[in-house]
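# Geometric and topological summary
What follows is the residue order along each chain.
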Amino acid sequence: MKFLLISATVTIAILDSSAAADVLFAPGSVIGDTVGGDVNDQAAMTNQSGLSGSYVSGVTTTAEAMAIEHGNGSSDSYFVNNNATVNGLIDFDLQSVREITSLALWNANGSSRLEQFVVFAATDETFSSLTQIGSGTQSVSGDGLVQFHSLTQTETQFVRLRIDSYVSDQRQLRLGEVAFGGNVAAVPEPSQIAAILVAIAGGGVICRRRRFQQDA
Ligand SMILES: [Ca+2]
């Protein structure tokens, strides 16, 4: 019985070392937009284009993403020109249910950046049932900079960004890139799987030896 506990403890310890990673991932697609960006602009906001570094969806950690800037303010960004109403809704489909804990917003151009916003999780693509999971102010003012905003830890596929204000002298909004941070269970690497098998096999050997000693 004791070997089972030892074997299980070793296995759990190995699995635990590969469990959760706080990584960044792309929102997938925009499925609703009342702010006024066109389809190409929406894609530029979600396809990780225009960035200075190699942000890889589902792999790059939020800490690593802090060093990545949106390097091109005039393209590869969500762009709304002469928006008299200022505010509006952008609805994202994450493509599958994900656990999200933060929202990353990249300025494209500091002089036409998003300012105040509220974030909601929706139960389905109709966005008829909403839960507020965060709100914030984009306070970094430089071109291309990213800022992470904490969200209530939530598992959802559908997220609404409600834009309440932006900073602009020409009624223009530019948003370089949007991403979410969350805890994603990593798949164990082959070496870790081998270590787990060795631990289980080792437990079996100890068992057989003990049984042999008892029989003798
Ligand atoms: Ca972009």
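Residues numbered from 1 in each chain as written. Predicted model: local features only at pLDDT ≥ 70, side-chain atom pairs only at ≥ 80, totals over all residues.

Okay, the overall build of the chain next. The number of helices and strands found in the chain is four helices and ten strands. The buried share among the 216 residues of the chain stands at 31%. For the chain, restricting intrachain contacts to residue pairs at least 6 apart in sequence, the fraction spanning at least 24 positions comes to 82%. (Helix = DSSP H or I, 4+ residues; strand = E, 2+ residues; numbered from the N terminus. Buried ≥ 20, exposed ≤ 12 C-beta atoms within 10 Å, placed from the backbone. Contact = placed C-beta atoms within 7 Å.)

This part takes up unusual backbone geometry. Positive phi outside glycine occurs at Gln95, with the angle close to 80 degrees. As for its placement among the helices and strands, Gln95 is situated in strand β4 (residues 88-107). Here Gln95 falls in the exposed class, since 12 other C-beta atoms lie within 10 Å of it.

Core analysis: the biggest nonpolar cluster contains 42 residues, and Ala104, Leu105, Val119 and Leu175 have the highest contact counts within it. Only β1 (20-25), α2 (39-46), β3 (78-81), β4, β6 (116-122), β8 (146-163) and β10 (172-185) provide two or more residues apiece to this core. The element best represented in this core is β4, accounting for seven residues. Once you skip the residues sitting within four places of it in the chain, Leu105 turns out to touch Leu114, Gln138, Val146, Gln147, Leu175 and Val178. (Core = buried A, V, L, I, M, F, W, Y, C linked by C-beta atoms within 7 Å.)

With respect to the secondary-structure elements, Asp22 resides in strand β1. Judged by the 13 C-beta atoms lying within 10 Å of it, Asp22 falls in the partly exposed class. For Asp22, the contacting residues outside a window of four places in its chain are Thr61, Thr62, Gly181 and Asn183.

Moving on, we get to the confidence of the model for the chain. Mean pLDDT over the chain works out to 82, with 75% of the residues at or above the 70 mark. With pLDDT under 50 throughout, residues 5-19 is counted as low confidence; its partners more than four residues away or in other chains account for 20 contacts. (pLDDT = per-residue confidence, 0-100.)

Another point: the environment of Gly181. Examined against the element boundaries, Gly181 turns out to sit in strand β10. Owing to 24 C-beta atoms within 10 Å, Gly181 belongs among the buried residues under this scheme. C-alpha of Gly181 to C-alpha of Leu24: the two residues are 157 residues apart in sequence and 4.4 Å apart in space. Setting aside chain neighbours within four positions, we find Gly181 in contact with Asp22, Leu24, Thr62, Thr101, Ser102, Ala104 and Phe148.

Along the chain, Pro27 falls in the loop between β1 and β2 (29-33). Among the residues examined, Pro27 registers 24 C-beta atoms within 10 Å and is labelled buried. The sequence separation of Pro27 and Val178 amounts to 151 residues, and the corresponding C-alpha distance is 7.1 Å. Excluding its chain neighbours within four sequence positions, the residues that come into contact with Pro27 are Thr46, Phe92, Leu94, Val178, Ala179 and Phe180.

Below, the discussion takes up α2. All of the buried residues along α2 are Asp41, Gln42, Ala44, Met45 and Thr46. Just downstream of α2 lies Gln48, where phi reads positive at about 60 degrees.

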